[in-house]
Amino acid sequence: MSYRNGQRLPLEGGGALRLSVNPRARRLSIRIDARAGEAVAVAPSERRLGEVVAFARTKAGWIAERLAARLDAQPFEPGAVVTWLGRTVRLEASGGAGAARLIDTPEGPVLRSGGEGEAFSRRIENWFRRAARDFLTERTLVHLKTLGQAPVKVSIVDTRSRWGSCSPHNRSIRYSWRVVMAPPAVADYLAAHEVAHLVHADHSPAYWSVVTRLIGDHRPHRRWLREHGASLHAVDG
Ligand SMILES: [Zn+2]
């Protein structure tokens, strides 16, 4: 049986698998596209799609779980409770049109924003993006300094399939703002992960020893991102 780029296959346990050819992919992989609500199987060539489809079938349980977790996440609307660097924050409408502000109340932190509907959720997202920029820029600088590395350009993006990426050649690092919904140690691990790629572009044992030097044992953080990735990505602005 032959497969083609862009084809969609039904998955046992619900959901769909979209086939994608990316000549730059170095290996077969499966990711969750939270916005589309489907799994994506990536292979470096059309010829290898069969292999990644077979691989996806062995992962059907995992995929169904991730797609279901996606639905549990709350949208940004007044009354919703979200997490920011491990803290629980309640969203509240202020009326009016002001930007989102974090306020400490006796009941805990509240993120209060103007706007209604889409406008409300956009303002909350903007607040998260700024919070992500502040936190990740600072942690990036700390890790660069530890490794004696020159500054890099840090961008905050909204990639759904990856938490971050590093281009050692352009000396630029991109982070998904959504990682600040994770505990701070996990977001810090992401910064260490990307900075360590300036030293090693691969995921070799030498690379992981650089990560360990920066933050110690990285395994719990990797596990956290694997287990919560889909639900974090499902929070919809
Ligand atoms: Zn990496």
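Just so we're clear, the structure is a prediction, and the values are computed from it rather than from any experiment.

*Asks:* Summarise the overall build of the protein; cite the residues concerned and give the values.
*Replies:* Within the protein one finds 6 helices and 11 strands. Considering the protein as a whole, with its 237 residues, one finds that 46% of them fall into the buried category. Considering only intrachain contacts with a sequence separation of at least 6, the fraction spanning at least 24 residues in the protein is 47%. In the structure as shown, the protein presents an accessible area of about 12,300 Å², 49% of it carried by carbon and sulfur atoms.

*Asks:* Help me get a handle on the side chain of S20, residues and values and all.
*Replies:* As for its placement among the helices and strands, S20 is situated in strand 2 (residues 16–21). The class for S20 is buried, based on a relative accessible area of 19%. If near-sequence neighbours (up to four positions away) are discounted, S20 is found in contact with N5, V40, A41, V42, A43 and L49.

*Asks:* Got a sec to walk through the coordination of the zinc ion? Specific residues and values, please.
*Replies:* With distances of 2.0 Å, the protein atoms coordinating the zinc ion are H193 (NE2), H197 (NE2) and H203 (NE2). Using a relative accessible area of 9% as the deciding quantity, one classes H197 as buried. Classification of H203 as partly exposed rests on a relative accessible area of 48%.

*Asks:* Give a detailed account of the nonpolar core, specifying residues and quantitative values.
*Replies:* With 47 residues, the main nonpolar core has F76, W84, L91, L111, I124, F128 and Y175 as its most contacted residues. Secondary structure elements with two or more residues in this core: strand 5 (81–84), strand 6 (87–93), helix 3 (118–146), strand 9 (153–157), strand 11 (172–176), helix 4 (184–196) and helix 5 (205–215). Among the elements that take part in this core, helix 3 stands out by supplying 9 residues, more than any other. The contact partners of W84, leaving out residues within four places of it in the chain, are V89, L102, W127, F128, A131, V180 and M181.

Basis of the calculations
Residues numbered from 1 in each chain as written. Predicted model: local features only at pLDDT ≥ 70, side-chain atom pairs only at ≥ 80, totals over all residues. Heavy atoms only, no water. Helix = DSSP H or I, 4+ residues; strand = E, 2+ residues; numbered from the N terminus. Buried < 20%, exposed > 50% of the residue type's maximum accessible area, 1.4 Å probe, protein only. Contact = heavy atoms within 4.5 Å. Areas by Shrake-Rupley, 256 points an atom, 1.4 Å probe, with all protein chains shown as cover. Donors = N, O, S within 2.8 Å, 3.2 Å for Na, K, Ca; no water. Core = buried A, V, L, I, M, F, W, Y, C linked by side-chain atoms within 4.5 Å.

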